Amino acid sequence: MSLLNQTIKKIMPPDQRAIKFVKNKLSQTMTNPDGLGELQNILLRYVGITGQIKPEIPKKLTIITCADHGVAEMNVSAYPQETTAHMTRNYLVSKGAVANSMSNFCGSDMIVVDMGIKAPVDDIPGLIDHKIAPGTNNCAKGPAMTREQAIEAIETGIQLVNTYANKGYCCFLPGEMGIANTTSSAAIVACLCNLTPKQATGRGTNISDERLAIKIDVVKQALTVNKPDPTDGLDVMSKIGGFELACITGIILGAAANHCFVVLDGFNTGSAALVAQAICPEVTNYLMASHLAAEPAHNAILKKLNLSPYMDLKFRLGEATGSSIAVNILDCAIKTYHSVCQAALAEKDKLIKPNIPTTDFDTKMALLKQVRNITLPDEVAREKCRNRIDNLTKPIYSLGKLENIAENIAGITRQKKPTQVRKKILVITPQESCSVVQHRLTQAFASHANANYHFTSIPKNLMKPQTLSFSLLQGICYGSKINNIDVLGIACCENHPKEICGTFSLTIKQQLCNFDNSLRYSKRKFLSLEPNPYLCQIAFMAGIAIGATSKGILVLSDDIPSSIAIRYALLLAPTINPYIMFVCPDYLNLHITTGGGCICALGMKLIDASLQMLKDMKTFAEADVAIANDGPGAKIQTK
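Here goes a summary of the coordinates provided. Keep in mind the model is a prediction, meaning the values are calculated, not measured.

For the protein, the helix and strand inventory stands at 27 helices and twelve strands. Against the globule reference of 26 Å for 639 residues, the protein gives a C-alpha radius of gyration of 26 Å, in line with a compact fold. Dimensions along the principal axes, computed over C-alpha positions, put the protein at roughly 80 × 55 × 45 Å. Here the protein holds 639 residues, and the buried ones make up 63% of them.

Bringing the pairing of strand β8 (residues 423-429) into the picture now. For a regular strand, the rule is simple: side chains alternate between the two faces of the sheet. With six of seven residues buried, β8 is to be regarded as a mostly interior element. As paired elements, β8 and strand β10 (residues 487-492) share six bridges and run parallel to each other. Residue Val-427 lies in a different strand from β10, and its bridge partner there is Ala-491. Bridge analysis of β8 against strand β9 (residues 452-457) gives six bridges, and the strand direction is parallel. Within β9, the position partnered with Ile-428 by the bridge is Thr-456.

Attention now goes to the environment of Thr-269. Among the structural elements, Thr-269 can be located in helix α12 (residues 267-279). Here Thr-269 falls in the buried class, since its relative accessible area comes to 1%. In sequence terms Thr-269 and Leu-317 are 48 residues apart; their C-alpha atoms lie 10 Å from each other. Leaving out residues up to four positions away in the same chain, Thr-269 has contacts with Pro-174, Gly-175, Glu-176, Ile-248 and Leu-264.

Residues lying three or four places apart along an α-helix face the same way, a consequence of the helix completing one turn every 3.6 residues. Look at helix α2 (residues 16-29): 20 Å from first C-alpha to last across 14 residues, which is about the 20 Å you get at 1.5 Å a residue. Three or more residues of α2 are buried, namely Ala-18, Ile-19, Val-22 and Leu-26. The buried residues of α2 occupy an angular sector of 100° when the element is viewed end-on, so they sit on one face. In α2, those exposed residues whose orientation departs by more than 90 degrees from the buried face are Gln-16, Arg-17, Lys-20 and Gln-28. In this structure, the buried residues of α2 make contact with α3 (38-50) and α14 (321-341). One side-chain oxygen of the residue at the start of α2 lies 3.0 Å from the amide nitrogen of Arg-17, identifying that residue as Asp-15.

To continue, consider the pattern of salt bridges. Considering all chains together, one arrives at 21 salt bridges under this definition. Its salt-bridge partner being Glu-295, residue Arg-316 comes within 3.3 Å of it at the nearest N-O pair. Residue Arg-316 is located in the loop between α13 (298-305) and α14, and its partner Glu-295 is located in the loop between β6 (287-288) and α13; the two are separated by 21 residues in the primary sequence. Per residue, the accessibility class of Arg-316 equals that of Glu-295, and both read buried. We note a salt bridge from Asp-608 to Lys-423, for which the minimum N-O separation is 2.9 Å. A residue pair is termed long-range when its members are at least 10 positions apart, and Asp-608 in helix α25 (residues 598-616) and Lys-423 in strand β8 qualify at 185 residues. The pair Asp-608 / Lys-423 is uniform in exposure class, with both members buried. In this structure, a network of salt bridges that share partners links the residues Glu-379, Arg-382, Arg-386, Asp-390, Lys-394, Glu-403 and Glu-407.

Moving on: the nonpolar core. In this structure, Phe-172, Ile-325 and Ile-607 are the most contacted members of the largest nonpolar core, which totals 204 residues. Among the elements that line this core, the one with the most residues is α25, at twelve residues. Excluding residues within four positions of it along the chain, Ile-607 makes contact with Ile-405, Ile-409, Val-421, Val-487, Leu-554, Leu-556 and Met-581. Listed in part, the 23 residues of the second largest apolar core include Ile-64, Met-87, Leu-92 and Ile-117.

About the criteria used
- Residues numbered from 1 in each chain as written.
- Predicted model: local features only at pLDDT ≥ 70, side-chain atom pairs only at ≥ 80, totals over all residues.
- Heavy atoms only, no water.
- Helix = DSSP H or I, 4+ residues; strand = E, 2+ residues; numbered from the N terminus.
- Rg over C-alpha atoms; globule rule 2.2 N^0.38 Å.
- Buried < 20%, exposed > 50% of the residue type's maximum accessible area, 1.4 Å probe, protein only.
- Pairing = 2+ DSSP bridges.
- Contact = heavy atoms within 4.5 Å.
- Expected span 1.5 Å × (residues − 1).
- Arc of directions from axis to C-beta.
- Polar contact = N/O pair within 3.5 Å; in protein donor to acceptor, adjacent residues only side chain to side chain.
- Salt bridge = Lys/Arg side-chain N within 4 Å of Asp/Glu carboxyl O.
- Core = buried A, V, L, I, M, F, W, Y, C linked by side-chain atoms within 4.5 Å.

Laid out in structure tokens, this is it:
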């Protein structure tokens, strides 16, 4: 029996007993574990795959598979074919690619495999040689490879997983490098998702309109010439696939057989997963999605695999970028589970009663002047940071919102290449104590984000019926006194000491938002509302956001109340906009309703990922990699 068939026979359904155990444990500990949103689902999926009722942080391995495609001769990419070899060298010699920086970010080891690079690469140290052939044939003119070669490439992926699973790795992050591979992937997706070539084909390395038209036509030719059978995954891979994509298909099958976890990245790994699904449908239970890629057909892939993305960062890159961020979220879910379920609490009380000075007339005038004269982020630092990002070894703009975050941090810190920021989570509570579970949650998330945190009880004089303007000014005063940090997450607790989500959020949303989630009141009407404790807390939080941003601090939103408070802060003081970051849903799609800093902590990790990119990645000149010859990159990238 072949290795492929042996592997398929070993793939079994996830462990439902482990899932039930962990789910019950959460229910016994938290009043509403569903408030964790997708974090709970990610955790339970991982538990079912590994069978661990006491889940451990997974030992991770990033596998970058590299191969060339014969279809590259059809002019479908913005980069020359030798870029495949250049980037392979970059992974292992310069160590300045996205894959290097993101594996460092998520704590993953990394290997690079030659599945079929056309150019000579014998001198690259550490490259694992599994070359099937020096690139595939041109799939626009006939089959990309033989069926035997497809099986060999798939079995290579299985062998890699078998080897590293025996070394304790249980989480695999596949990525790929191969000029023109999005053309093969588009053909695979068109075949297996029943899409037209136009629906399945995107810009890949950010090609021009003219080259996109060529690429769509090439995908159409590949499908017409080869007529791949969508019921036969091996037929699809052999006719229109690539050696590096076939290896990833094998990695997915091998991981499922070893009860290991695979985090998919973007479009190319998704196409390989579709082939794995066609070979063995059960493998989808061993997959976790990461992000929604910029390629237009990626959503169709995820729908076919029955997976949901956890973020939309506009990535168009396939070097385990999104998967590295997603697996970091998994780590956070595991840490949180152990934190809320532990028997004792390390610190019993971090409540701090704020020392808010009285706001006399002169103080009010000084604060209002400070807000009106807010200093904008440094445009020179932003521009220098953007120039470096554009020339890092990747397709232009391919890191989407991560690039925007890095550029914004550069402007705020006034450094063209910032490498770290000082972070703090401020949890506002109307009570002088909070539930133990709430504190454990905040402690776990803050620790994961490497951020300081404290709970601040609102002074009782702010909770009495007064004008909202009074609460707002007190918040501005408090926020303006925050020092020695660059990033501040503003969060809140539930009023009821036994709750961690629900009551407060719903009440505030009903009072201050319309049915379509738009703000209900203008700034004048908001400040003239009849005050109650809920509204006073929102006004106080809005004031903190205004005060902190006036000091040049980036403010992150957290749960629904904090997001609403920050939105009203923007309404009252629009100039603070450059210093505001709404984490959900602008960046993450985790459907978390739990407060206490959980969401803003994950936003802080996105900032860390962007800074890791700046710290580790090399430019085209530094790594000696070919630059773009088409699309916007051709006008901007230099060497």
